[in-house]
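Residue-level structure breakdown
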Amino acid sequence: RTSCPVVEVAGRPESRATGTMATSTRPQRERKEAERLTYDEQVDDGGKEPPVGSGTPLGDIGALEATFKMSKYSDAAAALHQLVFKSKGKAGTQRKRLRTFAGIVYGDDPETERERYVERALKLNVGLVKEIMDLLCVDRSPKSFEDGDASKEHLVERLVEFLECPAAQKKEKKRKGSASSDAPAAKASKTTTAKGGDGTPLELALLRAVAKHQLEIADDATSTISAMVKAAEEYVGEKLPPAFKGILKELVAAGKAEDDDDDDDESPASLSTRRKPVP
């Protein structure tokens, strides 16, 4: 069997039978696989439980029971799981495992390990950091920070402090009816009286004096409690609190009792002179 002759054309061997260029003997460049940067927290730890911290398990904090059930915090729960357990975990078990988390446990070099937690948290965008804090019910309002500086660094610092030792956050509640620190005490007491409260002794004494004056100038034959209240408000130039009406009723009742006592002490003759003749 004879082989087809090969003709050299400009340094390239060509098959005379087929007219195609012969395969080059030059070595080909090897294709290398792309190397992708991976972080330790992206490696699944196989569900291995870390040491138990010294704080309260997240599942035992009552305020978190509601937020852990909200679907809008799914991204925050995944990011938190990756932050504290250094793994993504499974979507169906992330929140269940987070409920057992009771705080970060550092090893032999606490300062270095803490810096790593802070660095990982700072890699998250500020919106996700805020969602994690809302998921954990950690206060992130500007007024809760010194000088109102709620920067990303301060948010992350507060988040890590909470994760080191989780506990229920206590919010200071204002007492109902208490005045603000910059409001005068007189204004607070006036508001309380206007709402029907007891008021201060001085205010009650002033109301009683106005009520006595109104009784002295009122016409016994035509005046009613409501009419006397209205007249007293016109006299003082402002609306009087509901307590004033009660004081008026008390004074009217006391006045009637005194009149009855006086009638008992008088003789039948004097009573007959006081009574008007019947027409």
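What counts, and at which threshold
Residues numbered from 1 in each chain as written. Predicted model: local features only at pLDDT ≥ 70, side-chain atom pairs only at ≥ 80, totals over all residues. Heavy atoms only, no water. Helix = DSSP H or I, 4+ residues; strand = E, 2+ residues; numbered from the N terminus. Contact = heavy atoms within 4.5 Å. Areas by Shrake-Rupley, 256 points an atom, 1.4 Å probe, with all protein chains shown as cover. pLDDT = per-residue confidence, 0-100. Core = buried A, V, L, I, M, F, W, Y, C linked by side-chain atoms within 4.5 Å. Buried < 20%, exposed > 50% of the residue type's maximum accessible area, 1.4 Å probe, protein only. Axes fitted to C-alpha atoms, helices over the stretch in contact; angles between N-to-C directions. Parallel < 35°, antiparallel > 145°, perpendicular 65-115°, else oblique. Nonpolar A, V, L, I, M, F, W, Y, C, P; charged D, E, K, R; others polar. Salt bridge = Lys/Arg side-chain N within 4 Å of Asp/Glu carboxyl O. Expected span 1.5 Å × (residues − 1). Arc of directions from axis to C-beta. Polar contact = N/O pair within 3.5 Å; in protein donor to acceptor, adjacent residues only side chain to side chain. Phe/Tyr/Trp six-rings, centres within 6.5 Å; stacked < 30°, edge-to-face > 60°. Lys NZ or Arg CZ within 6 Å of the ring centre and 35° of its normal.

Details of the overall build of the chain
Along the backbone of the chain there are 11 helices and two strands. Listing every helix and strand of the chain by position from the N terminus yields β-β-α-α-α-α-α-α-α-α-α-α-α. Taking contacts inside the chain between residues at least 6 apart in sequence as the whole, the part at least 24 apart equals 63%. Surface exposure of the chain reaches about 20800 Å², of which carbon and sulfur atoms provide 51%.

Overview of the confidence of the model for the chain
Predicted coordinates in regions of low pLDDT should not be interpreted in detail. Mean pLDDT over the chain works out to 74, with 65% of the residues at or above the 70 mark. Ignoring residues within four places in sequence, the model shows residues 37-44, a span with pLDDT below 50, making 12 contacts including any to other chains.

Digging into the nonpolar core
Core analysis: the largest hydrophobic core is formed by 33 residues, its most contacted members being Leu58, Leu80, Ile132, Leu136 and Leu163. Elements represented by at least two residues in this core include exactly helix H2 (74-85), helix H4 (110-122), helix H5 (126-135) and helix H6 (152-164). Sort the elements by how many residues they give to this core and H2 lands first, with seven residues. Counting residues in hydrophobic clusters, the runner-up holds 13 residues, among them Val210, Ala211, Leu240 and Ile247.

Examining unusual backbone geometry
Positioned with a positive phi, Cys137 is a non-glycine residue whose angle comes to about 55 degrees. Assignment of secondary structure puts Cys137 in the loop between H5 and H6. Of the residues examined, Cys137 reaches a relative accessible area of 27% and is grouped as partly exposed. Positive phi outside glycine occurs at Asp147, with the angle close to 60 degrees.

Details of the environment of Pro241
Positionally, Pro241 belongs in the loop between helix H9 (225-236) and helix H10 (242-265). Look at Pro241 and you get buried, because its relative accessible area is 15%. Taking C-alpha positions, Pro241 is 10.0 Å from Val229, a pair spaced 12 residues apart along the chain.

Section: the packing of H2 against H5
Direction vectors running N to C along H2 and H5 enclose 90 degrees, while the axes themselves pass 9 Å from each other. The angle between H2 and H5 places the two elements in the roughly perpendicular class. Counted together, Asp75, Ala76, Ala77, Ala79 and Leu80 of H2 and Leu128, Glu131, Ile132 and Leu135 of H5 form the full contact between these two elements. Looking at the contact of H2 with H5, its residues break down into seven nonpolar, no polar and two charged.

Description of the pattern of salt bridges
This model, assessed by the stated rule, comprises five salt bridges. Notably, a salt bridge pairs Asp134 with Arg140, separated by 2.9 Å at the nearest N-O pair. Here Asp134 falls in the partly exposed class, since its relative accessible area comes to 24%. The partly exposed category is assigned to Arg140, whose relative accessible area is 28%. Close ionic contact of Arg208 with Glu250 constitutes a salt bridge, the shortest N to O distance being 3.6 Å. Of this pair, Arg208 sits in helix H8 (residues 201-217) while Glu250 sits in helix H10, placing them 42 residues apart in sequence.

A closer look at H9
The end-to-end C-alpha distance of H9 is 17 Å, a good match for the 16 Å that 12 residues give at a rise of 1.5 Å each. Met228, Val229, Ala232 and Glu233 are the residues of H9 that are buried. Projection of H9 onto a plane perpendicular to its axis shows the buried side chains occupying an angular sector of 140 degrees, all on one side. Looking at H9, the residues exposed on the side facing more than 90 degrees away from the buried face are Lys230 and Glu234.

A closer look at the side chain of Thr67
Residue placement: Thr67 occurs in helix H1 (residues 64-67). Engagement of the side chain of Thr67 in a polar contact is seen with the backbone oxygen of Leu135, the distance being 2.8 Å. What Thr67 contacts, discounting residues up to four positions off in sequence, is Tyr73, Arg95, Asp134, Leu135 and Cys137.

Some words on the packing of aromatic side chains
The full count for this structure, using the stated rule, is two aromatic pairs. Between Phe85 and Phe101, the ring centres sit 6.0 Å apart and the planes meet at 85 degrees, which makes this aromatic pair edge-to-face. Of the two residues, Phe85 is situated in helix H2 and Phe101 in the loop between helix H3 (94-98) and H4; the sequence distance between them amounts to 16 residues. The two residues Phe85 and Phe101 agree in class, both being buried. Look at Tyr106 and Tyr117: their rings are 6.1 Å apart centre to centre, the planes differ by 75 degrees, and that puts the pair in the edge-to-face class. With Tyr106 in the loop between H3 and H4 and Tyr117 in helix H4, this pair connects stretches of sequence that are 11 residues apart. For Tyr106, a relative accessible area of 22% corresponds to the partly exposed category. The exposure class assigned to Tyr117 is buried, which follows from its relative accessible area of 9%. Arg97 extends its terminal NZ or CZ atom over the ring of Phe85, reaching a point 4.2 Å from the ring centre.

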